[in-house]
Amino acid sequence: MKILIVDDEAEIRTVLRLILEGKGYEIIEATDGISAIATLKEHRDLDLCIMDVMMPKMLGTEATEK
């Protein structure tokens, strides 16, 4: 299973990545809503996206709508 983690705080992405990789998941990371959209276009085979709401450039809710 491939999971996209989107958060502007590196520490949160790191903790989530370590936990989820330990469970056998493949992790991809993005730092904001804009890069999340680009990543989703590049990786069409994602199974799950964990998205922060309050991020710079574009809110997680906006990115989810797009």
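For the structure, see preceding data.
Every value quoted in this text rests on a predicted model; they were computed, and no experiment measured them.

Enquirer: Teacher, can you tell me more about the nonpolar core here?
Expert: A general tendency of soluble globular proteins is for nonpolar side chains to be buried together. Listed in full, the seven residues of the largest apolar core are L4, V6, I28, A30, A36, L46 and M55. Elements represented by at least two residues in this core include exactly β1 (2-6) and β2 (26-30). Those residues in contact with A30, other than ones at most four positions away along the chain, are L4, I5, V6, D7, R13, S35, A36 and T39.

Enquirer: Looking at this model, I keep getting lost on unusual backbone geometry. Mind explaining?
Expert: Most peptide bonds adopt trans geometry, and most residues besides glycine take a negative phi value. For K57, which is not glycine, the phi dihedral falls at a positive 70°. Summarising the element assignment, K57 is placed in the loop between β3 (48-51) and α3 (60-65). Under the relative-accessibility criterion, K57 is labelled exposed at 69%.

About the cut-offs
Each residue is numbered by its place in its chain's sequence as written, counting from 1. Restriction of local features to residues with pLDDT of at least 70 applies here, the model being predicted, together with a cutoff of 80 or more for giving and counting side-chain atom pairs; totals for whole chains, interfaces and linings are based on all residues. Where side-chain values are given, they derive from all heavy atoms of the structure, hydrogens and water being excluded. Nine residue types can take part in a nonpolar core, namely buried Ala, Val, Leu, Ile, Met, Phe, Trp, Tyr and Cys, and a core is a set of them joined through side-chain atoms within 4.5 Å. Burial classes: relative accessible area under 20% of the type maximum marks a residue as buried, over 50% as exposed, and values in between as partly exposed (1.4 Å probe, protein chains only). Comment: elements are numbered from the N terminus, with helices defined as DSSP H or I runs of at least four residues and strands as E runs of at least two. Every residue pair with non-hydrogen atoms within 4.5 Å of one another is taken to be in contact.

Honestly, it's all geometry; don't read function into it.
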